[in-house]
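What follows is the residue order along each chain.
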There are 2 protein chains.
Amino acid sequence: MAAPLEFYFDFSSPYGYFASTRIDAIAAKAGREVAWRPILLGAVFKVVGTAPLVNYPLKGEYMRHDLERQARLFKLTFREPPGFPHNTIAAARLYYWIHDRDAAKARAFAKGVYAGFFERGSDVSAPEAAVAIAAGLGLGRDAAAGALQDQAVKDRLRHEVDAAIAKGVFGSPFVIVDGEPFWGSDRLDQVEAWLTTGGW
Amino acid sequence: MAAPLEFYFDFSSPYGYFASTRIDAIAAKAGREVAWRPILLGAVFKVVGTAPLVNYPLKGEYMRHDLERQARLFKLTFREPPGFPHNTIAAARLYYWIHDRDAAKARAFAKGVYAGFFERGSDVSAPEAAVAIAAGLGLGRDAAAGALQDQAVKDRLRHEVDAAIAKGVFGSPFVIVDGEPFWGSDRLDQVEAWLTTGGW
């Protein structure tokens, strides 16, 4: 069976959230799976020399307008959480900790974090908020809270982020299909075309 | 009659070139005209705090890959000129000088400059190269060369760039439809949908 699509995203990335609502269905049409891989854009930006879009004059204002307009076009629930952008290190660490125990629950956890940020418009960046989402999926609250203090869990995320950068990932969302990189939620149609045609 | 679509671009922008091959047809389907408005990304980047994409690690390499891949997908001739990115001030100044004399020739001039850069892959950033393209359209070589020294022509371009920034233009291509801003060649489908539906 073909390798899964690699779906890289930051939990604070609204375009990553948009992509998360479509990527599984796009892959499924082609009989493919998706490996969800949260990363930390802060670490990526240090390598690339960029900053969150909202920090740029004109561009930041446009981004907010574009997000609202696209949400209406694609009929997505979209609420911007206060204080954007957010530090998503707790959610990302917890994702990989859950993933090593139960991949399906990790997917549900990721969707739960995105729902918190962008469907409810809540700031779920705090460790306790991430732990609460994990607990809601039946994972032990104390075990999850403890995992966030575990050096092995911290190292796991660092390794994932470094590996993503080594593969050329510099933004969110970023999808790799059989080695072929696609950046941005506006490339998902081309991801779909690539899967359908086998590339061009 | 409805106001023309405003199509902002830098002559050194390959995504601007891609958009230039589609924008007139998209507008025509809706019975609309397009006002082509070359700008200088260098001036815009100073305001926004960004830099040419190729200057960023990872992002620059991806951009080259994405350009080649999109050119194949859309069946566009695409050759990258040497020394990219280029100073396009001469071409942009000459564009507005021609425009004030003959709007149709200005459009042909703009297409000629883009063809030089991205169909032939030639560096046509030198003033003599821009003048030669104008001369090829029947404009006087000496008059065109003289215009490039004219303070009024220089001021005209500066005014256009300032006005673009005042409207929120921060990249290339950038299309404004009845006040609605769209950034990037990957938003042209949404430009088309906006024209068809009247917005959403």
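Along every chain, residues carry numbers that run from 1 in the direction the sequence is written. As they are written, the chains are lettered A onward and the ligands numbered 1 onward, keeping that order. Given that the model is predicted, a residue must reach a pLDDT of at least 70 before its local features are reported, and side-chain atom pairs must reach 80 or more before they are shown or counted; all residues, however, enter totals for whole chains, interfaces and linings. With hydrogens and water excluded, all non-hydrogen atoms of the structure serve as input to the side-chain values.

**Brief notes about the relation of the copies chain B and chain A**
Here two copies of a chain appear, and what relates them is a rotation about an axis with a shift along it.
For step 1, the next point in the chain: For the least-squares superposition of copies, only C-alpha atoms count, and only for residues with pLDDT at least 70 in both. For the pair chain B and chain A, the relating rotation is 180 degrees, the translation along its axis is 0.0 Å, and the fit reaches an RMSD of 0.0 Å. What the rotation and shift describe, once combined, is the action of a two-fold rotation axis. Closest approach to the rotation axis among the C-alpha atoms of chain B is made by D186 of chain B, whose C-alpha sits 3.3 Å away.
For step 2, the next point in the chain: The criterion used for residue contact is that any of the two residues' heavy atoms lie within 4.5 Å. A share of 100% of interface residues in chain B that are also interface residues in chain A marks the association as one of identical surfaces.

**Considering helix α10 (residues 188–197) of chain B**
For step 1, the next point in the chain: Buried within α10 of chain B we find L188, Q190, V191, E192, W194 and L195 of chain B.
For step 2, the next point in the chain: In this text, helices come from DSSP runs of H or I with a minimum length of four residues, and strands from runs of E with a minimum of two, each type numbered from the N-terminal end. One or two residues past the end of α10 of chain B sits G198 of chain B, with phi positive at roughly 80 degrees. Burial classes: relative accessible area under 20% of the type maximum marks a residue as buried, over 50% as exposed, and values in between as partly exposed (1.4 Å probe, protein chains only).

**Some thoughts on the pairing of strand β2 (residues 34–38) of chain B**
Residue and element names in this part refer to chain B.
For step 1, the next point in the chain: Across the five residues of β2, four count as buried, placing the element largely inside the fold.
For step 2, the next point in the chain: Note that strand β1 (residues 5–9) and β2 share five bridges and pair parallel. Across the sheet, E6 pairs through a bridge with A35, a residue of β2. Strand pairing is assigned whenever DSSP detects at least two bridges linking the two strands.

**Quick word on the sheet that holds β2 of chain B**
All names here are of chain B.
For step 1, the next point in the chain: Ordered by their spatial adjacency, four strands build an open sheet running β2-β1-β3-β4, and the pairing between neighbours is mixed. Where the open sheet ends on each side, the last strands, each with one partner, are β2 and β4 (180–183). If you compare each strand with its neighbour and ignore which way they point, the axes differ by 20 degrees on average.
For step 2, the next point in the chain: Across three bridges, the pairing between β1 and strand β3 (residues 174–177) is antiparallel. Bridge pairing links E6 to I176 in β3. Axis angles are defined between N-to-C directions and span 0 to 180 degrees, where every axis is a line fitted to C-alpha atoms and, for a helix, only to the segment in contact.

**Re the confidence of the model for chain A**
For step 1, the next point in the chain: Per-residue confidence for chain A gives a mean pLDDT of 95, with 100% of residues at or over 70.
For step 2, the next point in the chain: The ipTM assigned to the predicted complex is 0.92, against a pTM of 0.94. The pLDDT value tells you how sure the predictor is about a given residue, anywhere from 0 up to 100.

**Re the packing of aromatic side chains**
For step 1, the next point in the chain: Side-chain rings of Phe, Tyr and Trp, where Trp is taken by its six-membered ring, are said to pair if the distance between their centres is within 6.5 Å; with planes under 30 degrees apart they count as stacked, over 60 as edge-to-face, and otherwise as tilted. Tallied over the entire structure, the rule returns 46 aromatic pairs over all chains.
For step 2, the next point in the chain: Between F7 of chain B and F9 of chain B, the aromatic rings sit 4.9 Å apart at their centres with planes inclined by 25 degrees, giving stacked as the arrangement. With respect to burial, F7 of chain B and F9 of chain B carry one shared label: buried.
For step 3, the next point in the chain: By way of ring pairs, the aromatic residues F7, F9, F11, Y15, Y17, F18, W36, F78, F109, Y114, F117 and F118 of chain A are connected into one cluster.
For step 4, the next point in the chain: Our definition puts a charge over a ring when NZ of Lys or CZ of Arg is within 6 Å of the ring centre and also within 35 degrees of the ring normal. The ring of F74 of chain A has R22 of chain A lying over it, and the distance from NZ or CZ to the ring centre is 5.9 Å.
For step 5, the next point in the chain: Over the aromatic face of F182 of chain A sits the side chain of R69 of chain B, whose NZ or CZ is 3.9 Å from the ring centroid.

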